[in-house]
Amino acid sequence: MTLATKFTKFRKRSQRMRKLYIIASLSLASVGGCTAINSNSFSDMSSAYRKVIEEYSNSNILLNIVRSSQNMPLSFADIPSVIGTGSVTAEAEASAAAVSWQNGMTSASSRFAVNNGFTFTQASLDNAEFMKSFLKEIPLNHLGFKGTERMLPKAVSYTLLIESIELRNSNKTVAHFGNDPQSPDYNEFQLVLSLLIEAGLTVEYNKVNTPIGPALDKNELTKTLSSWGTSALDHIAKGNMKVQKITKDEKEEYQLVLTELKPHVCVNKFSTKELLGDLLHQSNFCKNSLRLKKQPKDIVYKADKFATKYNLQRNTELLIVVRSPGNVFDFLGSVLNSQLSGDESKTIMITPNTPQHAGYSESYMRPRPLFKVYKDIVIPDPAFSVRYKGSSYSVSDNDNSYSKEVIEFMSTLITVAKIPGALPPSPAVLVR
């Protein structure tokens, strides 16, 4: 075999080995790219997203409370959708610039990169649909929230939701107690509210029958129900509607009646009698009033002191006015101003109502600030912080206030206010 023939065979063998090396390098790059986006990567991205959304929501609430304290317009935004993306970019290159006659190998290289991220939309809630719900009086049944704030003392949730308490007699206001931290009579409101809570203030549902149209004879009623189709029968079967038989002048007629459950504020009959005597009319008593244990002496003393002031009043009607979500932000802005005034006596303190069951610690029953914010103060491990007009505002993660619970409660109110149409179909801002 000639030298030229040997060289030709060697060159072909080297080219085959170079191709195999390049293919192997590309395969390694491909495998590396596939394993880069795995369950751990997805978990990390999801955790990061949840953390950002949590901080975004809480900071937005705190920022609007600060805005309210400075009489500035409130502004809300939401992130209605998030799309996570993960991608692998693989590149390979080979070179044969140097050939070793001893081992017949060429040099080759490959590289790959992994990229992941989120695309999310940010929608403004500054629209008519959201504001209609946000500025509308909170439904009375919200006083009985049973969500994540069920462990929140009633004194906290009622202080946030109730605008005022009135006692009326013959449609005349006997006493008015406004829930305004800036009012010089605010302590009296707190006293009345605490006594009503001790008296079992809650929300009860009563069945209310509302006549639908005029009374009809049997034939006319049959025609009416036939024209309504199966929907009328469904309402009757569910108990939402019923037919009452009326006998008038020896003539039988039938009245369609719509049955609704309507909430109303009530107090425990026995606890109220013990604390307030005959101050409240029996129409204010809950139907399911149970005999509870005797009230502590300090509560009875407060009740006697209050009742003495209105000892000439009997059988008054209790009227409670509930705020709108927007008014709750106004209230918290006022609470913040009171707390930051430098006068500790103006800090709104909340004392939980006396528990009916034993086992509660003394620390639970101690008065605690309703809402506490640290302005331009560096605190360790803040729950969340915002900056506004050159100042920082922080809520502590472990102080003795109800601040975090209040933020959670406000988050629920905002969520409830997001009625259909509150979130616009197209986002205000698309962030990539």
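Residues numbered from 1 in each chain as written. Predicted model: local features only at pLDDT ≥ 70, side-chain atom pairs only at ≥ 80, totals over all residues. Heavy atoms only, no water.

## Some details on the overall build of the chain
Then step 1. When helices and strands are tallied, the chain shows 12 helices and 14 strands.
Then step 2. Counting all 432 residues of the chain, 36% fall into the buried class.
Then step 3. Restricting to contacts in the chain with at least 6 residues of sequence separation, those with at least 24 account for 71%. (Helix = DSSP H or I, 4+ residues; strand = E, 2+ residues; numbered from the N terminus. Buried < 20%, exposed > 50% of the residue type's maximum accessible area, 1.4 Å probe, protein only. Contact = heavy atoms within 4.5 Å.)

## Side note on the pairing of strand β8 (residues 317-322)
Then step 1. Side chains Leu318, Ile320 and Val322 project from β8 onto a buried face, and the interleaved Glu317, Leu319 and Val321 project onto a face without burial.
Then step 2. In the sheet, strand β3 (residues 162-169) pairs with β8 via 6 bridges, with the strands oriented antiparallel. Residue pairing in the sheet places Ile162 in a bridge with Val322 of β8. (Pairing = 2+ DSSP bridges.)

## What about the pairing of strand β12 (residues 382-388)?
Then step 1. Pairing of β12 with strand β13 (residues 391-396), which is carried by 6 bridges, proceeds in the antiparallel orientation. Among the inter-strand pairings, Ser385 is bridged to a residue of β13, identified as Ser394.
Then step 2. Connecting β12 to the antiparallel partner β13 that follows it, the hairpin turn spans 2 residues, and Lys389 within it adopts a positive phi of roughly 50°.

## Here's the deal with the state of the cysteines
Then step 1. Following the criterion strictly, the structure yields 1 disulfide and no others.
Then step 2. Cys266 shares a disulfide with Cys286; S-S distance 2.0 Å. Linking Cys266 and Cys286, the disulfide has an S-S dihedral of approximately 90° and is accordingly described as right-handed. Of the two residues, Cys266 is situated in strand β7 (residues 251-266) and Cys286 in the loop between α8 (269-276) and α9 (297-309); the sequence distance between them amounts to 20 residues.
Then step 3. Among the residues examined, Cys266 registers a relative accessible area of 0% and is labelled buried. (Disulfide = S-S within 2.5 Å.)

## Regarding helix α12 (residues 403-417)
Think of an α-helix as turning once every 3.6 residues; residues three or four places apart then point the same way.
Then step 1. End to end, α12 covers 21 Å across 15 residues, agreeing with the expected 21 Å (1.5 Å per residue, within 8%).
Then step 2. Buried within α12 we find Ser403, Val406, Ile407, Phe409, Met410, Thr412, Leu413, Ile414 and Ala417. (Expected span 1.5 Å × (residues − 1).)

## Thoughts on the side chain of Ser59
Then step 1. Inspection of the secondary structure assignment puts Ser59 in helix α2 (residues 39-69).
Then step 2. You can call Ser59 buried: its relative accessible area is 18%.
Then step 3. Apart from the residues within four sequence positions on either side, Ser59 is in contact with Phe384, Ser385 and Val386.

## What about the sheet that holds strand β11 (residues 374-375)?
Then step 1. The 3 strands are arranged β11-β13-β12 in an open sheet whose pairing can be described as antiparallel. Each having just a single partner strand, β11 and β12 make up the two edges of the open sheet.

## What to know about a nonpolar patch on the surface
Then step 1. Residues Leu233, Ile236 and Val243 make up a contiguous nonpolar surface patch of roughly 240 Å² in combined accessible area.
Then step 2. Summarising the element assignment, Ile236 is placed in helix α7 (residues 230-238). (Patch = residues over 30% accessible without salt bridge, like charges linked within 9 Å, V, L, I, M, F, W, Y side chains within 5 Å. Areas by Shrake-Rupley, 256 points an atom, 1.4 Å probe, with all protein chains shown as cover. Salt bridge = Lys/Arg side-chain N within 4 Å of Asp/Glu carboxyl O.)

## Observations concerning the packing of aromatic side chains
Then step 1. According to the stated counting rule, one finds 7 aromatic pairs in the structure shown.
Then step 2. Taking the centre distance of 5.9 Å and the plane angle of 45° together, the rings of Phe134 and Phe329 count as tilted. Here Phe134, found in helix α3 (residues 128-134), pairs with Phe329, found in helix α10 (residues 325-340); they are 195 residues apart in sequence, far enough to count as distant. For the pair Phe134 and Phe329, one class covers both residues: buried.
Then step 3. A ring pair is formed by Phe177 and Phe306, whose centres lie 6.0 Å apart and whose planes are at 50°; its orientation type is tilted. You can see Phe177 sitting in strand β4 (residues 172-178) and its partner Phe306 sitting in helix α9, a full 129 residues away along the chain. The residues Phe177 and Phe306 share a single accessibility class, namely buried. (Phe/Tyr/Trp six-rings, centres within 6.5 Å; stacked < 30°, edge-to-face > 60°.)

## Remarks on the packing of α8 against α9
Then step 1. Direction vectors running N to C along α8 and α9 enclose 65°, while the axes themselves pass 8 Å from each other. Judged by the inter-axis angle, α8 sits roughly perpendicular to α9. Where α8 abuts α9, its residues Glu274, Leu275 and Leu276 lie against Ile299, Val300, Ala303 and Phe306.
Then step 2. Grouping the constituent residues of the contact of α8 with α9 by class yields 6 nonpolar, no polar and 1 charged. (Axes fitted to C-alpha atoms, helices over the stretch in contact; angles between N-to-C directions. Parallel < 35°, antiparallel > 145°, perpendicular 65-115°, else oblique. Nonpolar A, V, L, I, M, F, W, Y, C, P; charged D, E, K, R; others polar.)

## Observations regarding the environment of Asp126
Then step 1. Here Asp126 is to be found in the loop between β2 (108-124) and α3.
Then step 2. By relative accessible area, which is 41% here, Asp126 ends up partly exposed.
Then step 3. C-alpha of Asp126 to C-alpha of Ala77: the two residues are 49 residues apart in sequence and 7.7 Å apart in space.
Then step 4. The contacts of Asp126, once residues within four sequence positions are left out, are Leu74, Ser75, Phe76 and Met131.

## A short note on the side chain of Ser403
Then step 1. One can find Ser403 in helix α12.
Then step 2. For Ser403, a relative accessible area of 1% gives the class buried.
Then step 3. Here the side chain of Ser403 touches Lys372 through a polar contact of 2.8 Å, landing on its backbone nitrogen.
Then step 4. Leaving out residues up to four positions away in the same chain, Ser403 has contacts with Leu370, Phe371, Lys372 and Val395. (Polar contact = N/O pair within 3.5 Å; in protein donor to acceptor, adjacent residues only side chain to side chain.)

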